[in-house]
Amino acid sequence: MALKNSNPTTTQSWKELTNHFKDIQNINIKDLSKEEHRKEDFSIEFGDLLVDFSKNRITKKTIHLLVELAKEVGLKEAIESQFTGDKINVTEDRAVMHTALRSTSDVPVLVEGKNIKPQIQTALRKIKSFSNKVISGKWKGYTGKSITDIVNIGIGGSDLGPDMIVESLQFYKNQLTTHFVSNIDGDHVSEIIKKLNPETTLFVIVSKTFTTQETITNAETLKNWFLKSATIFDIPKHFVAVSSNLQAVDNFGIDKSNVFPMWDWVGGRFSLWSAVGLSISLSVGFNNYKALLEGAEEMDIHYRNEDFDKNIPVILALISIWYNNFYLAETEAVLPYSQYLKKLPDYLQQAIMESNGKGVDRNGDKVDYQTGTIVWGSTGTNMQHAFMQLVHQGTKLIPADFIGYKQSLYGLTDHHKKLMANYYGQMEALAFGKSKEEVHLELKFSGDEAKINQLLPFKVFEGNRPSNAILFDKLTPRSLGKLVALYEHKIYTQGILWNIYSFDQFGVELGKELAKNLLNKQ
Ligand code: F6P
């Protein structure tokens, strides 16, 4: 079924939201927090995940109207279209099936009349058996030694997803050392080469198109380096590829049996659930990789079936639209309180900004409202000593997601208590601030009245700065899968509401083209 095509700003709900915004735009989170059951009414619990969105400039009416908007633009039908294999990536004439990659149900998913589930299962079996061979040391390099190092060669979605997951699941890692080469900057690959022994290195070239300049250049450089010590007959033991361009892979010299599939119906930035995740499976073992997929599937089922007012990705998407389109907030911060998640903001920048950074609607008309949010962030507590000053006292409204875990992995409880005290402390400071009276009381004993009055304005925190608390029990492959899928569904929800296409990325092409032209002129 085709996606509904309507300008959201012309809907009845948008009009009502506009009036509602006029009524409540100066509402204060501190006052809202005094409402009875505020926390319970504005929280959603889903297994090991609790999302508390009570510290936002919203009332029950706001949520009601936003949910009405989602209904009016046909979100429910759009979600079904995605899950059932409709070609919702209209501009590239493709289905968008990353959810099928992690589906364990037997229900067939048809893309152009063909059930894609069997090929997904075959690919998973191949990933499993290959990972097991490499991890166990049975897979030997050209001098008979086992593999010690994996090099993932890719860029964009063929790099950021696997890199972020491997970093996030470091606690679950095996003995293999995993490296990621992406940048065309030759210093990147040169630094990696310094750490490698050709006899014990496995190269995983990940490129859906197998034409991406960065990836092919890096792959050629690494192949040439490898061939300084080995011969072309040794390539099958050391080079594998993940791609949908079999001809180009063959031309590169990779053995057919060493090719893992990628399909048209999986977009680059949503591809870590496919064989693009091979480096993940090699790094943490297939069982952990499977658990990651299972966590994502849990979120898929929740997203597909839950009512919108209890649906985590939908609610977070709607709140973000509230700030983006009504308060005209320019950016959003993602702030994980786990050092393991330090690459999550980078990963989400591609996922979110490449998807929803569009200025033309589904009719091909220029939009006259704001779309894709600018996303940025870093880990707590480090960022508290970096950019949080601006978030607390600057002139910009920056809604923030605080991602946290109830338990730490190494069990250093003293550290964890302090970490989580900061997690909650930051959200409270943002929401409730510190009034003139409180500052005055604090300074009362430390100076004369004139000095106090001079300092006072600088020490006041206005507060009323929104945040969502996204709290899991523990960082596991499963909970990580759930988290990533949450953001994927938030992206799609927002794309539907903004009436844009989230799954193409034509905006990245012009720069590539011009770089090629310039190169040809040299
Ligand atoms: O430049 C953008 C992009 O097309 C991304 O969408 C994609 O993830 C990346 O390049 C890499 O593409 P490929 O997997 O084809 O090398």
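Residues numbered from 1 in each chain as written. Predicted model: local features only at pLDDT ≥ 70, side-chain atom pairs only at ≥ 80, totals over all residues. Heavy atoms only, no water.

- As recorded in an unreviewed UniProt entry, the protein chain goes by Glucose-6-phosphate isomerase and comes from Polaribacter filamentus.
- Check the Catalytic activity (unreviewed entry) section of the UniProt entry for the protein chain; it says "alpha-D-glucose 6-phosphate = beta-D-fructose 6-phosphate". (UniProt positions renumbered as here; feature names shortened; annotations may be inferred.)

## Comments concerning the sheet that holds strand E9 (residues 259–261)
Working step 1: Spatially, 5 strands are ordered E6-E5-E7-E8-E9 in an open sheet, and the strand pairing comes out parallel. Whereas interior strands pair on both sides, the edge strands pair on one side only; in this sheet they are strand E6 (177–181) and E9. Geometrically, the sheet is characterised by an average inter-axis angle of 20° between neighbouring strands, direction not taken into account.
Working step 2: Bridge count for strand E5 (residues 149–153) against E6 is 5 bridges, and the pairing is parallel. From the neighbouring strand, Ile 153 faces E6, where its bridge partner is Val 181.
Working step 3: Each of E5, strand E7 (201–206), strand E8 (239–243) and E9 touches helix H7 (residues 117–136); the most contacted strand, E9, lies at about 140° to it. (Pairing = 2+ DSSP bridges. Helix = DSSP H or I, 4+ residues; strand = E, 2+ residues; numbered from the N terminus. Axes fitted to C-alpha atoms, helices over the stretch in contact; angles between N-to-C directions. Contact = heavy atoms within 4.5 Å.)

## Things to note about the site of the ligand
Working step 1: Close contacts around the ligand come from 14 residues, with Ser 158, Ser 207, Thr 209, Thr 212 and Glu 354 the closest.
Working step 2: Here an oxygen atom of the ligand sits 2.7 Å away from a polar atom, N or O, in the main chain of Gly 157.
Working step 3: Contact between the ligand and Glu 354: an oxygen atom at 2.6 Å from a side-chain N or O atom of the residue.
Working step 4: Considering only residue class, the shell around the ligand consists of 2 nonpolar, 9 polar and 3 charged.
Working step 5: The residues that make up the shell around the ligand include at least three from each of domain 1 (11–92 + 306–432 + 466–508) and domain 2 (111–288). (Near = heavy atom within 4 Å. Polar contact = N/O pair within 3.5 Å; in protein donor to acceptor, adjacent residues only side chain to side chain. Nonpolar A, V, L, I, M, F, W, Y, C, P; charged D, E, K, R; others polar. Domains from an automatic or database assignment.)

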